[in-house]
Structures are given as structure tokens and as C-alpha cells.
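Remarks on the overall topology
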Amino acid sequence: MSRSIFGTSIIDTSITNPAAWGLALIFIVVVSWFFYRYFAPDSWREWVGAGVVQAFIIALYAEMYGFPLTIYLLVRFFGLDREYVSTNLWSTLVGFGETGMFVSMLLGYAVAFVGIGLFAQGWRQVYRARRDDRLVTDGLYRYVRHPQYTGLFIALFGEGIIHWPTIFSVGLFPLIVVVFTWLARREERDMIDQFGEVYQTYQRKVPMFIPHWEQWRDLVAESRSGGEDFEDS
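Quick look at the structure, then. (Residues numbered from 1 in each chain as written. Predicted model: local features only at pLDDT ≥ 70, side-chain atom pairs only at ≥ 80, totals over all residues. Heavy atoms only, no water.)

1. Examining the packing of helix α3 (residues 44-65) against helix α8 (residues 167-195)
The cut-off we apply is this: With axes taken as lines fitted to C-alpha atoms, and helix axes fitted only over the stretch in contact, angles between N-to-C directions fall between 0 and 180 degrees. Put simply, DSSP marks the helices as runs of H or I at least four residues long and the strands as runs of E at least two long, and each gets a number from the N terminus on. With respect to orientation, any angle under 35 degrees is reported as roughly parallel, any angle over 145 as roughly antiparallel, any angle of 65 to 115 as roughly perpendicular, and every other angle as oblique. Should the near helix be turned anticlockwise from the far one by less than a right angle, the crossing is left-handed, and should it be turned clockwise, the crossing is right-handed. For this classification, Asp, Glu, Lys and Arg are treated as charged, while Ala, Val, Leu, Ile, Met, Phe, Trp, Tyr, Cys and Pro are nonpolar and the rest, including Gly, are polar.
Viewed as axis vectors pointing N to C, α3 and α8 meet at an angle of 160°, and their least axial separation amounts to 9 Å. Relative to α8, the element α3 is oriented roughly antiparallel. Between α3 and α8 lies a crossing whose hand is left-handed. Class assignment of the residues belonging to the contact of α3 with α8 gives a composition of 18 nonpolar, 2 polar and 5 charged.

2. As for the environment of Phe-34
Rule in force here: Here a residue-residue contact requires only that any non-hydrogen atoms of the pair lie within 4.5 Å.
For Phe-34, the location among the structural elements is in helix α2 (residues 18-38). Considered as a pair, Phe-34 and Ala-120 are 86 residues apart in the sequence and their alpha carbons are 9.2 Å apart. In contact with Phe-34, not counting residues within four places along its chain, are Ile-116, Phe-119 and Ala-120.

3. Topic: the side chain of Gln-125
Using the following cut-off: With a 1.4 Å probe rolled over the protein chains alone, any residue whose accessible area is under 20% of its type maximum counts as buried; one over 50% counts as exposed, and the rest are partly exposed.
Within the secondary structure, Gln-125 sits in helix α6 (residues 97-131). Residue class for Gln-125 comes out buried when judged on its relative accessible area of 7%. The residues contacting Gln-125, other than those within four sequence positions of it, are Val-136, Asp-138, Gly-139, Leu-140, Tyr-141 and Glu-222.

4. Observations concerning the nonpolar core
Quick reminder of the rule: Throughout, nonpolar core names a set of buried Ala, Val, Leu, Ile, Met, Phe, Trp, Tyr and Cys residues whose side chains join them through atoms within 4.5 Å.
Core analysis: the largest hydrophobic core is formed by 33 residues, its most contacted members being Phe-39, Val-53, Tyr-149, Ile-176 and Phe-180. Of all the secondary-structure elements, those providing two or more residues to this core are α2, α3, α6, α7 (147-163) and α8. With 9 residues, the single largest contributor to this core is α3.

This is how it looks when you write it as C-alpha cells:
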């Protein structure tokens, strides 16, 4: 969606244009469906994490296709020149207009798609491991202990920080990292109870979320390979 006429018209028409809000609703439903498809909360801790991500998704697309609250507040309370406002927040602040918006969109989507691949493939691998009651240390788990969370962080960063930053997406992102770090540590305590020294040895060798610098390329390549065929049964 072009935001080149963002000044008066986008702020005013976004509120009254049902098509824009309809598009926002479609994106919220589709992205939420994908998230819950690969992250089905079982415990209240997982529901806490899912709730924060859900808030991030709603806030992001409500501003992207609905009412642009972040830009409105900058105009209203921080003295940003209304005639200068265009496209997304980054291109507005640095003054690159549609060119900046196009660059941030391409870069944001590229980063987001990498994250989506990691998120989905990491979930598939841990699903198979849980089904077989074994510890998974191969595939993406050779590089990080929680590739599904790494993928989630990367996807949200690409879409909500690089592509279309808002007050809420920028504010919620570090909270999401904190909540899922807490959730990962709780999960690892359960893994230690189940696998003992074997998992502790794995912990010492493999980073939690961020792979070693020289392993990034292999991690991304592994997420794109698809691994084994996924079975729902």
C-alpha cells in the first residue's frame, strides 16, 4: 500500500475507509493463524508469551493499514512538520520518502521471511522429537537451542522494526524477547529433569538464541532446506 500521500489524507481517510480496516483485519487474522499454527500454547506461561506476540501483531497491522497512531502522535505532540510526513516512520525521520520506504520494506520482508523459515522449521523438528520422546540436537538445533524463538524474534524484528516501526511494535519487541527468554529457561529446566547431564552438555556447547557468527549462513540454509517431510500424525 502506498503511503506517499500520508500528510492530511492518510490520517483522515484511514479512520473512515472500511477497505483499509478490512485489509488490517485480514493481515491480523492470517498472521495470527500462522503464529498459532506453529505455536500452540499449552501452559499459562506459553499463553503469556502468545498474548504479547498477539498484541504486537494487532498493533502493527492496525497502524499499517488502519489508523497511523505513531505518526499522528509525532505530528501532534512532538512538532513534526505535517507537510514533511510521508511513508513509514524511518523514511519520515531520515527524510528519504518513498525510496526509504521501499528499501525498508524489501529489507524488512527479507529479514521476516528468514525468521518465518526458522520459526516453522524449528517447530517441526522439536515436534518430531517430542513425538518420538527424544532430545533433538540436529538440524537447526546444532546451532541454537531454541531456533523457533530465534526465528520469531527475527520475523518480528523484520516486520515491526525494519519495515513498519510503531510506538507499540518498538516498545513490545524487547518485552517479547524477555518473555520468551524466561519461557525458554523454564523449558530447559524441564529438559534437564528429563535428560539430565546429556542436556546440560548440550547447553554448554550450543548457544540459546544467537548462533556463532560463522554459523549464521548454515542456520539460514538449514531453515530453507525444509528438512524431513512434516507429518501431522
